[in-house]
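# Coordinate inspection notes
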Amino acid sequence: MSSATPQTASGGINWFKYSSPQTFFPLAGTLAPWFAAIAAVLFVAGLYIGFFVAPTDAQQGESYRIIFIHVPAAWMSMLIYLAMAFWAGMGLAFNTRLSGMMATALAPTGALFTFIALWTGALWGKPTWGTWWVWDARLTSELLLLFLYFGFMALQAAMDDPRRADKAGAVLALVGVINIPIIYFSVKWWNTLHQGASVSLKSAPTMAATMFTGMIVMVFACWAYAIAAALWRVRCIILERERRSEWVADYLETQK
Amino acid sequence: MKPRHRRIALIVAGVAGLALATTLVLQAFQQNLVFFFTPSQVAANEAPQGRAFRVGGMVEKGSVKRQPDGVTVQFNVTDTAKTIQVAYKGVLPDLFREGKGVVTQGRLENGRFVASEVLAKHDENYMPPEAADAVKKAQATNQKAVNTVVNK
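Note that the coordinates shown come from a computational prediction; the quantities given were computed from them, not determined experimentally.

Quick look at the pairing of strand β3 (residues 72–78) of chain B now. All names here are of chain B. Summarising the sheet, strand β1 (residues 53–59) and β3 pair through two bridges and their orientation is antiparallel. Of the residues in β3, the one forming a bridge with Val 59 is Val 77. Pairing of strand β2 (residues 65–66) with β3, which is carried by two bridges, proceeds in the antiparallel orientation. Paired with Arg 66 across the strands is Val 73, a residue of β3. The turn joining β2 and β3, which pair antiparallel and follow one another in sequence, is formed by five residues; a positive phi near 90° is taken by Gly 70. Looking at chain direction, β3 and strand β4 (residues 83–89) are connected through seven bridges and run antiparallel. Among the inter-strand pairings, Asn 76 is bridged to a residue of β4, identified as Gln 85.

Next up, the structure:
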């Protein structure tokens, strides 16, 4: 869309205006610091609740405090993948440049959260289960998710033409989306060593209120961090890919 | 139909087809995807014969017996319907408790399960010790009430 005004005839915001890299670039630049600030505040609050307010667990003692980072990271690893696949699909369907850039910008953050979930889980597994790693359905499908992120990034990096890289990556991202419900429901569908969900939309969480509060604050902190990181990364990608355009040259001139 | 509508339809159909294929594959491999077998499954001969497998369930209350050598332990794993006797030589994980979940790997020898590895399976309930005590007390009171009713 090339409309110059942000208002449509119906009076709402014209969202398509921001589907152009040139208009999205300053918007991302304005939003990113806000999300970074929210993330910083929530991380401090969440970690304070997690370490000083939340009580010790009756069974696991102090080691249960892993949930304040493990659970948010694991949720984010799945959610970011869904967001990435969504943007990849949008890019395929509408042939918009920015969608592919969003997918590319989300991948490293998603991979980071997947790695944190796996790594903290292993550190917790040794003292509680008695092992670092088992090949049960939940752990294996989460490891597959990490490889999907790596595969997506590697595939895109292997192609010189960014538009072709976007398309190839989009197909991989959409195929891999099947893995997300498998990760989430694995503890229900099969016998696994990993315990079932403590928090679900259907029933009250099976954990003490302060523990739950700390975890939810950490979840929002991770959300804010992921949004800030993706926006900053997408700005770099926009500059790289649009480097031959006039507006980037003008922008870089103002930054000198 | 605009080209972009055709592409959306293609993507939706592709993902749906893939989901269906995955569902069928997972259904076919159902047996291989379970991490452990329950004592009921073992009793029904559903567990693999002649090779190592895992048994999971609750450690039966009052069944844990330590042998004089100090490292050999014997306990029963139950799913409340069937029970299987387990022998294990080695260090137990911290969360190994009577009445809590456990997953053991090993093989059947003369109806007894000789384990080479014992893992604790934690449940999804998180609560402070005071709350756990309160739950236990409430359950004990209920049990007493049930006993009085039954005895009368």
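Here we come to the nonpolar core. Among soluble globular proteins, nonpolar side chains are generally buried collectively. Judged by nonpolar contacts, the single largest core of 64 residues is most densely connected at Met 84, Ala 88, Ala 103 and Ala 173 of chain A. Residues in contact with Ala 173 of chain A, not counting those within four places in the same chain, are Met 84, Ala 85, Ala 88, Ala 103 and Phe 152 of chain A. Core analysis: the next-biggest nonpolar cluster, separate from the first, contains 28 residues, Val 55, Phe 75, Val 102 and Ala 120 of chain B among them.

The next subject is unusual backbone geometry. You will see that Asn 95 of chain A, though not glycine, has its phi angle at about 60°, which is positive. Relative to the elements of secondary structure, Asn 95 of chain A occurs in the loop between α2 (67–94) and α3 (97–128). The phi angle at Thr 80 of chain B is positive, at roughly 75°, despite the residue not being glycine. Residue position: Thr 80 of chain B is located in the loop between β3 and β4.

Looking now at the interface of chain A and chain B. Contacts between the two partners involve 35 residues from chain A and, on the opposite side, 31 residues from chain B. Secondary structure elements with two or more residues in the side of chain A that touches chain B: α2, α3 and α5 (162–176) of chain A. Its residues assigned to classes, the side of chain A that touches chain B comprises 20 nonpolar, 13 polar and two charged.

Residue and element names in this part refer to chain A. Relative orientation of the contacting elements α3 and helix α7 (residues 209–241) amounts to 130°, with a least axis distance of 8 Å. In terms of orientation, α3 lies oblique with respect to α7. Regarding α3 and α7, the two cross each other, and that crossing is right-handed. Here Met 101, Met 102, Thr 104, Ala 105, Leu 106 and Thr 109 of α3 come into contact with α7, specifically with Ala 226, Ala 229, Ala 230, Arg 233, Val 234, Ile 237, Ile 238 and Arg 241. Here the contact of α3 with α7 is built from residues that sort into 10 nonpolar, two polar and two charged.

Rules of the game
- Residues numbered from 1 in each chain as written.
- Chains lettered and ligands numbered in written order.
- Predicted model: local features only at pLDDT ≥ 70, side-chain atom pairs only at ≥ 80, totals over all residues.
- Pairing = 2+ DSSP bridges.
- Helix = DSSP H or I, 4+ residues; strand = E, 2+ residues; numbered from the N terminus.
- Core = buried A, V, L, I, M, F, W, Y, C linked by C-beta atoms within 7 Å.
- Buried ≥ 20, exposed ≤ 12 C-beta atoms within 10 Å, placed from the backbone.
- Contact = placed C-beta atoms within 7 Å.
- Nonpolar A, V, L, I, M, F, W, Y, C, P; charged D, E, K, R; others polar.
- Axes fitted to C-alpha atoms, helices over the stretch in contact; angles between N-to-C directions.
- Parallel < 35°, antiparallel > 145°, perpendicular 65-115°, else oblique.
- Left-handed = near helix turned anticlockwise from the far one by under 90°.

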